[in-house]
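Residue-level structure breakdown
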Amino acid sequence: MKKILAAVALMATMFAALPAAAQNYTLRIENLSGVTLYRLYATPRSWDNYGQDLLGNRVLNNRSIMPLTFSNVQECLYDFKFEFIEGSVIYDSVNLCNVGTYTITP
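How each quantity is defined
Residues numbered from 1 in each chain as written. Predicted model: local features only at pLDDT ≥ 70, side-chain atom pairs only at ≥ 80, totals over all residues. Heavy atoms only, no water. Helix = DSSP H or I, 4+ residues; strand = E, 2+ residues; numbered from the N terminus. Buried < 20%, exposed > 50% of the residue type's maximum accessible area, 1.4 Å probe, protein only. Contact = heavy atoms within 4.5 Å. Phe/Tyr/Trp six-rings, centres within 6.5 Å; stacked < 30°, edge-to-face > 60°.

1. Examining the overall build of the protein
- Per the secondary structure count, the protein includes 1 helix and 6 strands.
- Starting at the N terminus and walking to the C terminus, you meet the elements of the protein as α-β-β-β-β-β-β.
- The proportion of buried residues among the 106 residues of the protein is 28%.
- Taking as baseline every contact in the protein between residues at least 6 positions apart, the subset at least 24 positions apart corresponds to 65%.

2. Focus: the packing of aromatic side chains
- Across all of its chains, the model carries 6 aromatic pairs by this definition.
- Residues phenylalanine 80 and phenylalanine 82 carry aromatic rings whose centres are separated by 5.7 Å and whose planes lie at 15° to one another, so their mutual orientation is stacked.
- Here phenylalanine 80 falls in the buried class, since its relative accessible area comes to 1%.
- The interplanar angle of 10° and the centroid separation of 5.3 Å between the aromatic rings of phenylalanine 82 and tyrosine 102 together place this pair among those described as stacked. Residue phenylalanine 82 is found in strand β4 (residues 77–84), and its partner tyrosine 102 is found in strand β6 (residues 101–104); the two are separated by 20 residues along the sequence. The pair formed by phenylalanine 82 and tyrosine 102 is uniform in burial state, with each residue classed as buried.
- Aromatic ring contacts, followed pair by pair, group Phe70, Tyr78, Phe80, Phe82 and Tyr102 into a single cluster.

3. Focus: the environment of serine 64
- Position of serine 64 relative to the elements: it lies in strand β3 (residues 64–73).
- The sequence separation of serine 64 and threonine 36 amounts to 28 residues, and the corresponding C-alpha distance is 9.2 Å.

As structure tokens, this is what we get:
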């Protein structure tokens, strides 16, 4: 019996050490800034650059909501950069694993 318990404990320890499986998360971006969002960049906190604009050829007008799906998320903390049509920029961090809606306010 002791050998079985030891084997079970060893297996549990091995599985606990494995990284969490990548998941998909959808974040609703709600723009209540009073200004049109022109560009949106997001990157995992551990990365050095933002990559390409997530809005592409779209914009997010004031009082509009846009869902963004992040695929294969392996870390929850993401850095965001919001660029507005009139030139202002907002930087913020978001925990994709805990936040369903992110509201941009003035």
